[in-house]
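Take a look at the letters that make up each chain.
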Amino acid sequence: MTNACDTDLKQSAGAPLGFFERYLTLWVFLCIAAGTALGLVAPQAAQTVGAMEIAQVNIPVGVLIWVMITPMLMKIDFGSLHEVRGQKAGIGVTLFVNWVVKPFSMALIGWLFIKILFADWLPADQLDSYMAGLILLGAAPCTAMVFVWSNLCNGNANFTISQVALNDLVMVFAFAPIVALLLGVSSIPVPWDTLLLSVVMYIVIPLAIAQAVRAHLLKRGKPTFEAALAKISPFSIIALLATLVLLFSFQGQAIVEQPLVIGILAMPILLQTLLIAALGYWLNRSLKVSHDVAGPSTMIGASNFFELAVAVAIVLYGFDSGAALATVVGVLIEVPVMLWLVRMVNNSRNWYERALH
């Protein structure tokens, strides 16, 4: 590739954390507080929004989800898939961790924490719902924020783009069957029609729209595309925060009555994140993958496509479900944990590269 093309790819792979992204955890906490307060003070308003449904899809949330994920999906360049051949080991680790290990380890860890260790601390009628939320998180590897994590750990931009493109292609076909399998193993009813509708609504359609808009903007030149992306990207975070306000407005009473639930749900998610990151990093080092490839390969497995998980949880189980709450907890801990993992990857570079010689 030419130097100019390499530069373009690095720009599209993401910039350092902006103001909204840097303090995302704070905004999430504030939205939880605002949504909870709204649910307590004006529950009828929240119920009115929740009733705006067509075919089990909440219209306000559907619009917000599309606004949330479309700018990130525009960054994906399916034309870069040919570069997979040059990074077979790193791509192999990515696919193995994301689709062979991660969904099943999340289900196992979730079962251990939710059904065994802390079952007596949680409402019995929500245990299956909490499990479903954790399964949805585990089956949705990161698509959006991985661009940011890759940039912060000096990841190879070409590899990041190609692995995200391949991962999204796999997700279109693998997400629904894996979720259905794990729900079935967990003895949770599988609403196949709603699950498939969710895949179409929140993966296939927004991905097609994003790629069509991307192609249209790129015809007008790379600067036009980058400028448009910079303008619309903040709306992703705004839409996410608005969704959280709506979600917690439905759960306000439950949160006030059971403040330990969020902390308990955070435990398996945190453990899963750390274990998957360690596995991915170790596999890349064992296979002598270069450090700038190992970074983004590790990050895409450790982080989650929580926007998709939240959306599907709401469609499958409703705003006020334990599944929706469990997926939102993933948002709570993702940013601080991933920033810590970025620091660990950067600080361990010398140790990592000793294995390459």
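Source: prediction; values computed, not measured.

Next up on the list: helix H7 (residues 127–138). Between its first and last C-alpha atoms H7 spans 17 Å; for 12 residues at 1.5 Å apiece the expected length is 16 Å, and the two agree. Those residues of H7 not exposed but buried are Leu127, Ser129, Tyr130, Met131, Ala132, Gly133, Leu134, Ile135, Leu136, Leu137 and Gly138. If you follow the buried residues of H7, they end up packed against helix H6 (88–117), helix H9 (157–185), helix H14 (260–286), helix H16 (306–317) and helix H17 (322–347).

Let's shift gears to the pattern of salt bridges. All chains considered together, the criterion is met by 3 salt bridges. Measuring nitrogen to oxygen at the nearest pair gives 3.0 Å for the salt bridge that ties Lys115 to Asp128. Taken together, the residues span a long stretch of sequence, with Lys115 in helix H6 and Asp128 in helix H7 at a distance of 13 residues. A residue is classified by how much of its surface remains accessible, and Asp128, at 32% relative accessible area, is partly exposed. Between Glu226 and Lys222 there is a salt bridge, with the nearest N and O atoms lying 3.7 Å from each other. One end of the pair is Glu226 and the other is Lys222, both in helix H11 (residues 222–232) and 4 residues apart, which spans about a single turn.

To continue, consider unusual backbone geometry. A positive phi angle, close to 55°, is found at Asn154, a residue other than glycine. For Asn154, the position within the fold is in the loop between helix H8 (146–152) and H9. Despite not being glycine, Lys288 shows a phi value in the positive range, around 60°. Along the chain, Lys288 falls in the loop between H14 and helix H15 (291–302).

Phe225, Glu226 and Leu229 are the residues of H11 that are buried. Relative to the axis of H11, the buried residues are bounded by an arc of 95° and lie together on one face. Away from its buried face by more than 90 degrees, H11 exposes Pro223, Ala230 and Lys231.

The next thing to look at is the packing of H14 against H15. Between H14 and H15, the least distance of the axes is 8 Å, while the angle of their chain directions is 155°. In this view, H14 runs roughly antiparallel relative to H15, as classed from their interaxial angle. The crossing of H14 and H15 is right-handed. Residue-level contacts link Thr273, Ile276, Ala277, Gly280, Tyr281 and Asn284 of H14 to His291, Ala294, Ser297, Thr298, Gly301 and Ala302 of H15. Each residue belonging to the contact of H14 with H15 can be placed in one class, and the counts come to 5 nonpolar, 7 polar and no charged.

Relative to the assigned elements, Asn167 resides in helix H9. A distance of 3.1 Å separates the side chain of Asn167 from the side chain of Asn98, its partner in a polar contact. Here Asn167 is in contact with Asn98, Trp99, Pro141, Cys142 and Ile300, once residues within four sequence places are set aside.

All right, on to the environment of Leu244 then. With respect to the helices and strands, Leu244 occurs in helix H12 (residues 234–250). Note on Leu244: relative accessible area 1%, which makes it buried.

This model, assessed by the stated rule, comprises 4 aromatic pairs. Between Phe118 and Trp121, the aromatic rings sit 6.4 Å apart at their centres with planes inclined by 75°, giving edge-to-face as the arrangement. Of the residues examined, Phe118 reaches a relative accessible area of 17% and is grouped as buried. Measuring from centroid to centroid gives 6.2 Å for Tyr281 and Trp351, while their planes differ by 40°, and the two rings are tilted. In this pair, Tyr281 is assigned in helix H14 and Trp351 in helix H18 (residues 349–354), connecting sequence segments 70 residues apart. Owing to a relative accessible area of 10%, Tyr281 belongs among the buried residues under this scheme. Taken together through their ring pairs, the aromatic side chains of Phe113, Phe118 and Trp121 make up a single cluster. Directly above the aromatic system of Trp351 lies the positively charged group of Arg285, at a separation of 3.7 Å from the ring centroid.

A separate point is the packing of helix H10 (residues 192–219) against H11. Pairs of packed helices are described in terms of their axes, by the angle between the two and the distance that separates them. Between H10 and H11, the shortest axis-to-axis distance is 6 Å and the interhelical angle comes to 135°. When the axes of H10 and H11 are compared, the pair comes out oblique. Where H10 approaches H11, its residues Arg214, Leu217 and Leu218 are matched on the opposing element by Lys222, Thr224, Phe225 and Ala228. Of the residues contributing to the contact of H10 with H11, the split by class is 4 nonpolar, 1 polar and 2 charged.

Before going further, it helps to examine the confidence of the model for the protein chain. Fine structural detail should not be taken from predicted coordinates in areas where pLDDT scores are low. Mean pLDDT over the protein chain stands at 81; residues scoring 70 or higher make up 87%. Across the protein chain, the element-wise mean pLDDT spans from 38 in helix H1 (residues 3–12) up to 94 in H14. Confidence over residues 1–15 falls short of pLDDT 50; this stretch has 27 contacts with residues more than four positions distant or in other chains.

The rules behind each value
- Residues numbered from 1 in each chain as written.
- Predicted model: local features only at pLDDT ≥ 70, side-chain atom pairs only at ≥ 80, totals over all residues.
- Heavy atoms only, no water.
- Helix = DSSP H or I, 4+ residues; strand = E, 2+ residues; numbered from the N terminus.
- Expected span 1.5 Å × (residues − 1).
- Buried < 20%, exposed > 50% of the residue type's maximum accessible area, 1.4 Å probe, protein only.
- Contact = heavy atoms within 4.5 Å.
- Salt bridge = Lys/Arg side-chain N within 4 Å of Asp/Glu carboxyl O.
- Arc of directions from axis to C-beta.
- Axes fitted to C-alpha atoms, helices over the stretch in contact; angles between N-to-C directions.
- Parallel < 35°, antiparallel > 145°, perpendicular 65-115°, else oblique.
- Left-handed = near helix turned anticlockwise from the far one by under 90°.
- Nonpolar A, V, L, I, M, F, W, Y, C, P; charged D, E, K, R; others polar.
- Polar contact = N/O pair within 3.5 Å; in protein donor to acceptor, adjacent residues only side chain to side chain.
- Phe/Tyr/Trp six-rings, centres within 6.5 Å; stacked < 30°, edge-to-face > 60°.
- Lys NZ or Arg CZ within 6 Å of the ring centre and 35° of its normal.
- pLDDT = per-residue confidence, 0-100.

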